[in-house]
Amino acid sequence: MKLNIAILPGDGIGPEIMKQGVAVINAIAQKFNHQFSYEEALVGAVAIDACSDPYPAATHDVCMRADAVLFAAVGDLKYDNDPTLKVRPETGLLAMRKQLGLFANVRPVATFDCLLHKSPLKEELLRGADFVVIRELTGGMYFGEKYQDNDRAYDTDVYTRPEIERILKVAFEMARTRKRHLTVVDKANVLASSRLWRQIAQEMEPQYPDVTTDYMFIDNASMRVLTEPRFFDVIVTENTFGDILTDETSCITGSMGLQPSSSLGEHTPLFEPVHGSWPQAKGQNLANPLAQILSAAMLLEHFGLNEEGALVRQAVNASLDANVRTPEIQVDGGAPYGTREVGQWITDYISKA
């Protein structure tokens, strides 16, 4: 297969983990005789520094002519610490999602038996947890009308029927490929936008009689994700709730450095780790590359390269079992491995498999 992949390393640890993700894809290409080409572009703080735009038109052009986007992370302390700035690295991420029409963020949450002890939760609650959170990406408060002065501010939470229907369709259809259980998370007891979500979901239920659908308020869902993670199969929710809920799920895996995601929609699909840019660790060879590598596996699987994706996952699992891990998930007394060393071990495994 031939694929043209846009590479957006971004800021902080982004370039370091991206290098390992691309190395893994190259190892797969060589082993399975694929032809993957790459085109790199700027996004985030590095793009602001270069051209005063966190998502330049040139970067959008690269993404639009690619078959897929592999993205790392954006964010820089010099922007985080100044609340008066109008242009921020994260604005580029929102603009990219909007311009590419990426309305569905898919975040799988699964446990690794050898890492259950790294979670703050009890092992008996975690073992066997395996669910997917589908977050709406282009609506809600993040994109609604905003206002701020010294004494008053607001963000409007706006959703339309077509926006809700298309994300629910993704969720119902994904539930059909899994355990046929969908949980719609909202705040319908308080928010009008949530009541529309629930109304439309109930209207669509009869189209999917093979899927068991239930409804849960976000506060209850936030608790049950941590106390009953095995209850869930597919969760679908709006933008703000999904942002918070998916960060919370890092308590299940034991590290945000283990969580990949995909963003799907109208144009080029995008694949990215869920963690941030961790600018404090930039250049220190500390960052966990596994979420970036697993995002590459999701990219491969999106194009039907399931055997290739399975090999990447097998290599990741083997590295964890062999205690080839970055510091935040390493066992006590384990050998020191950095970003480069973990990535190299995985690419070697793929090459020798």
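As shown above, the structure is provided for reference.
Only a predicted model underlies this, so the values are computations on that prediction, with no experimental measurement involved.

Undergrad: I'd like to hear about the nonpolar core, residue by residue, with values.
TA: Ranked by internal contacts, the top residues of the largest apolar core, which has 41 residues, are I5, F36, L70, L290, V312, I346 and I350. Mapped by element, the contributors of at least two residues to this core are β1 (2-10), α1 (14-32), β3 (68-73), α12 (290-302), α13 (306-321) and α14 (339-352). For I346, the residues in contact, after removing those within four places along its chain, are V24, L290, I293, A315, V316 and S319. Counting residues in each nonpolar core, the second largest holds 22 residues, with A171, L182, V184 and M204 among its members.

Undergrad: Before we move on, could you go through the sheet that holds strand β4 (residues 102-110) and cite the residues and values that matter?
TA: Here we have 10 strands laid out as an open sheet, ordered β2-β1-β3-β12-β11-β4-β5-β10-β8-β9, and mixed in their pairing. Both edges of this open sheet fall to β2 (35-40) and β9 (212-217), since each of them pairs with a single strand only. Averaged over neighbouring strand pairs, the angle between their axes works out to 25 degrees when direction is ignored. The strands touched by helix α7 (residues 161-177) are β4, β5 (130-136), β8 (181-186), β9 and β10 (234-237); relative to β5, the strand with the most contacts, the crossing angle is about 165 degrees.

Undergrad: Quick rundown of the packing of α12 against α13? Include the residues and the values.
TA: Any two packed helices are characterised by the angle at which their axes cross and by the distance between the axes. Between α12 and α13, the least distance of the axes is 7 Å, while the angle of their chain directions is 160 degrees. In terms of orientation, α12 lies roughly antiparallel with respect to α13. Our pair here, α12 against α13, has a crossing hand that is left-handed. Two secondary-structure elements touch here, α12 through L290, I293, L294, A297, M298, L300 and E301 and α13 through N306, E308, G309, A310, V312, R313, V316, S319 and L320. Residues of the contact of α12 with α13, tallied by class, amount to 10 nonpolar, 3 polar and 3 charged.

Undergrad: Explain helix α9 (residues 218-227) residue by residue, including any values.
TA: Among all positions of α9, only I218, A221, R224 and V225 are buried. Around the axis of α9, the buried residues are gathered within 120 degrees of arc, so they sit on the same side. In this structure, the buried side of α9 is in contact with β5, β8, β9, β10, α10 (239-248) and α11 (250-253).

Undergrad: Run through the pattern of salt bridges, naming residues and quoting values.
TA: Between side chains of opposite charge, a pair can form when the charged atoms approach closely. Under the counting rule described, the total for this entry stands at 20 salt bridges. Of the charged contacts in the structure, one is a salt bridge between R313 and E301, with a shortest N-O distance of 2.9 Å. Of this pair, R313 sits in helix α13 while E301 sits in helix α12; the two residues are 12 residues apart in sequence, bridging distant segments of the chain.

Undergrad: Account for the side chain of E272, naming residues and giving values.
TA: In this fold, E272 is placed in strand β12 (residues 270-273). E272 gets classed as buried once you look at its relative accessible area, which sits at 5%. Setting aside residues no more than four positions away along its own chain, E272 makes contact with F71, R97, P260, S261, S263 and S295.

Undergrad: For the packing of aromatic side chains, give the residues involved together with the corresponding values.
TA: We describe a pair of aromatic rings using the distance from one ring centre to the other and the angle between the two ring planes. Evaluated as defined, the whole model comprises 6 aromatic pairs. Ring centres 4.5 Å apart and planes at 5 degrees place the aromatic pair F172 and Y208 in the stacked group. Within this pair, whereas F172 is found in helix α7, its partner Y208 is found in the loop between α8 (192-204) and β9, the two being separated by 36 residues in sequence. Relative accessible area serves as the criterion here: at 6%, Y208 is assigned to the buried category. Ring geometry for W345 versus Y349: centroids 5.7 Å apart, planes at 20 degrees, classification stacked. Taken together, the residues span about one helical turn, with W345 and Y349 both in helix α14 at a distance of 4 residues. A relative accessible area of 28% means that W345 is categorised as partly exposed. Geometry around F143 places K98 over its ring, the cationic atom sitting 4.9 Å from the centre. Residue placement shows R224 over the ring face of F231; its charged tip is 4.4 Å from the ring centre.

Undergrad: Can you lay out the packing of α1 against α13 for me, pointing to particular residues and giving the numbers?
TA: The N-to-C vectors of α1 and α13 enclose an angle of 130 degrees; their axes lie 11 Å apart at closest approach. The angle between α1 and α13 falls in the class oblique. For the pair α1 and α13, the sense of crossing is right-handed. Judged by residue contacts, V24, I28, K31 and F32 of α1 engage E307, E308, L311 and V312 from α13.

Undergrad: Help me get a handle on α14, residues and values and all.
TA: Its 14 residues place the ends of α14 20 Å apart at the C-alpha level, agreeing with the 20 Å of an ideal helix rising 1.5 Å per residue. Of the positions making up α14, those classed as buried are T339, V342, G343, I346, T347 and I350. The buried side chains of α14 occupy one side of the element, clustering within an arc of 130 degrees when seen end-on. Packed against the buried residues of α14 are α1, α12 and α13.

Rules and cut-offs
- Residues numbered from 1 in each chain as written.
- Predicted model: local features only at pLDDT ≥ 70, side-chain atom pairs only at ≥ 80, totals over all residues.
- Heavy atoms only, no water.
- Core = buried A, V, L, I, M, F, W, Y, C linked by side-chain atoms within 4.5 Å.
- Buried < 20%, exposed > 50% of the residue type's maximum accessible area, 1.4 Å probe, protein only.
- Helix = DSSP H or I, 4+ residues; strand = E, 2+ residues; numbered from the N terminus.
- Contact = heavy atoms within 4.5 Å.
- Pairing = 2+ DSSP bridges.
- Axes fitted to C-alpha atoms, helices over the stretch in contact; angles between N-to-C directions.
- Parallel < 35°, antiparallel > 145°, perpendicular 65-115°, else oblique.
- Left-handed = near helix turned anticlockwise from the far one by under 90°.
- Nonpolar A, V, L, I, M, F, W, Y, C, P; charged D, E, K, R; others polar.
- Arc of directions from axis to C-beta.
- Salt bridge = Lys/Arg side-chain N within 4 Å of Asp/Glu carboxyl O.
- Phe/Tyr/Trp six-rings, centres within 6.5 Å; stacked < 30°, edge-to-face > 60°.
- Lys NZ or Arg CZ within 6 Å of the ring centre and 35° of its normal.
- Expected span 1.5 Å × (residues − 1).

Treat this as a map of the structure, not an account of what it does.
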